[in-house]
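# Topology and contacts: notes
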Amino acid sequence: MVRKLETTPRADGFRMPAEFEPHAGTWMLWPERPDNWRLGAKPAQHAFAAVAAAIAEGEPVTVGVSPRQFQNARAMLAPEIRVVEISNDDSWMRDCGPTFVVDGKGGVRAVDWIFNAWGGLDGGLYFPWDQDDLVASKVAEIERVDRYRAPIVLEGGSIHADGEGTLLTTEECLLNPNRNPGLTREQIEAVLSDYLSVEKFIWLGRGVYEDETNGHVDNICCFVRPGVVALTWTDDKADPQYEISRDAFERLSAATDAKGRKLEIHRIHQPDPVLITAEESSGVDTVEGSQPRTEGMRLAASYINFYIANGVIVMPSFGDPHDEPAREQIAALFPERRVIAVPAREILLGGGNIHCITQQQPAPRGKS
């Protein structure tokens, strides 16, 4: 029996583990909506399939698909990837899926956040989003894990944990009035402390320039291991990203984590600005209420949006001169993992990247 629990993870002895801790597997969703993905999402589907295949080199992958796409996804995905039917509004499993928590006694549970499509009717990216808000509970049912329904709007891409009590996030996202307008910073911290067992918050100001998620932290900064972070960077002072990243660097430099450590910060230079082409724009259906994809729009490209899986790192590449230096830096930060670069422009065109379309399910702790 899968229970919806009325207690909190902290009260029950559960915590959010870091992404670099061992996984039982990865969850994804299959893209299809033509008002976000060009050419009926076919190019994006090939990109998602490549990401799933790369992750599957390290751990099991499950992809949730709509009923009308089940056969197509099954044919396009590698045989070792599990395909299950999950109705959804779009394919951002990081944000609408569950955040898993563990207790060190073999227990794994799911935190089910309220999802409002990155802002609801105040700047949200599509309507309706009711099927996305059910995804986390469906994943919990499939995995037979108990679930906590959290009392706030939150997306998984807006938080990054070190597994030892420290959480990275941004003011631009979590304090945005289109998420939880009645809550103060301190009240939001109290909820996150209860649901993730966090003691220390490191607040960055803004996320990547023109990030339509209102500045998700997973696109600008992430934990590599406890006490070590990677930060997106540019040396071009004329680029709007320069001041954003410099402010983040200063905040990170002044911070300590839950264990009292100063942070070791590794700056990874961003790709050159990625702009939507006329061809790419013309391939997206125009629908009222959806995010426009117009020619010349700058996309929030960042190498920080990589995914840490068992034994492998799956990172985005853009056909950019910065691709290989970024890959080498990430490889140096994760010597125990193999870095796989996947062409990710098609994912970026939809508004996010590899980390945004994945969600880790941690392995049970303390159980042989």
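Here goes a summary of the coordinates provided. From a predicted model like this one, the values you see are computed outputs, not experimental measurements. (Residues numbered from 1 in each chain as written. Predicted model: local features only at pLDDT ≥ 70, side-chain atom pairs only at ≥ 80, totals over all residues. Heavy atoms only, no water.)

### Here we look at unusual backbone geometry
- The residue after Phe127, namely Pro128, is reached through a cis peptide bond having omega -5°.
- With respect to the helices and strands, the residue Pro128 is situated in the loop between β6 (108-114) and α4 (135-143).
- We note that Ala117 has phi near 60°; this positive angle belongs to a residue other than glycine.
- In this structure, Ala117 sits in the loop between β6 and α4.
- We note that Trp118 has phi near 65°; this positive angle belongs to a residue other than glycine.
- Residue placement: Trp118 occurs in the loop between β6 and α4. (Helix = DSSP H or I, 4+ residues; strand = E, 2+ residues; numbered from the N terminus.)

### Digging into the nonpolar core
- In this structure, Met28, Val51, Leu77 and Ile347 are the most contacted members of the largest nonpolar core, which totals 52 residues.
- Tallying contributions element by element places helix α1 (residues 42-55) first for this core, with 8 residues.
- Not counting residues up to four positions away in its chain, the partners in contact with Met28 are Phe48, Val51, Ala52, Ile55, Val61, Thr62, Val63, Gly64, Met93, Ile357 and Thr358. (Core = buried A, V, L, I, M, F, W, Y, C linked by side-chain atoms within 4.5 Å. Buried < 20%, exposed > 50% of the residue type's maximum accessible area, 1.4 Å probe, protein only. Contact = heavy atoms within 4.5 Å.)

### Overview of the sheet that holds strand β16 (residues 307-309)
- Pairing is mixed in the open sheet, where 3 strands are placed in the order β16-β17-β18. Every other strand in the sheet has two partners, leaving β16 and β18 (338-343) as the edge strands with one partner each. The sheet shows a mean angle of 25° between the axes of neighbouring strands, direction not considered.
- By the bridge criterion, 3 bridges tie β16 to strand β17 (residues 312-317) in an arrangement that is antiparallel. Pairing of Tyr307 across the sheet is with Val314, part of β17. (Pairing = 2+ DSSP bridges. Axes fitted to C-alpha atoms, helices over the stretch in contact; angles between N-to-C directions.)

### Remarks on the side chain of His355
- Along the polypeptide, His355 turns up in the loop between α10 (345-349) and β19 (359-362).
- Judged by relative accessible area, which is 2%, His355 ranks as buried.
- Beyond its immediate stretch of four places on either side in the chain, His355 contacts Glu19, Arg94, His160, Asp218, Asn305, Phe306 and Tyr307.

### Topic: the packing of aromatic side chains
- One pass over the structure, following the stated rule, counts 10 aromatic pairs.
- The interplanar angle of 80° and the centroid separation of 5.8 Å between the aromatic rings of Phe306 and Phe334 together place this pair among those described as edge-to-face. One end of the pair, Phe306, is in the loop between β15 (298-299) and β16; the other, Phe334, is in the loop between α9 (323-333) and β18, with 28 residues separating them in the sequence. Comparing Phe306 with Phe334 shows no difference in burial state: the two are buried.
- Ring-pair connections join several aromatic residues into one group, and the members of that group are Trp37, Phe48 and Trp92.
- Over the ring of Trp233 we find Arg267; its NZ or CZ atom is 4.7 Å from the centre of that ring.
- Just above the ring of Phe249 sits the side chain of Arg267; from NZ or CZ to the centre is 4.7 Å. (Phe/Tyr/Trp six-rings, centres within 6.5 Å; stacked < 30°, edge-to-face > 60°. Lys NZ or Arg CZ within 6 Å of the ring centre and 35° of its normal.)

### Looking at the pattern of salt bridges
- A full pass over the atoms with the stated rule returns 26 salt bridges.
- A salt bridge links Glu212 to Arg293; the shortest N-O distance between them is 2.8 Å. With Glu212 in the loop between β10 (200-204) and β11 (221-225) and Arg293 in the loop between α8 (278-282) and β15, the pair connects residues that are 81 residues apart, well separated along the chain. Across this residue pair, the class does not change: Glu212 and Arg293 are buried.
- Close ionic contact of Arg298 with Asp239 constitutes a salt bridge, the shortest N to O distance being 3.1 Å. Taken as a pair, Arg298 in strand β15 and Asp239 in the loop between β12 (228-233) and α7 (240-254) lie far apart in primary sequence, 59 residues in all.
- The class for Arg298 is buried, based on a relative accessible area of 17%.
- Residues participating in the shared-partner salt-bridge network are Asp112, Asp133, Arg147 and Arg149. (Salt bridge = Lys/Arg side-chain N within 4 Å of Asp/Glu carboxyl O.)

All quantities given are derived from atomic positions and should not be read as evidence of function.
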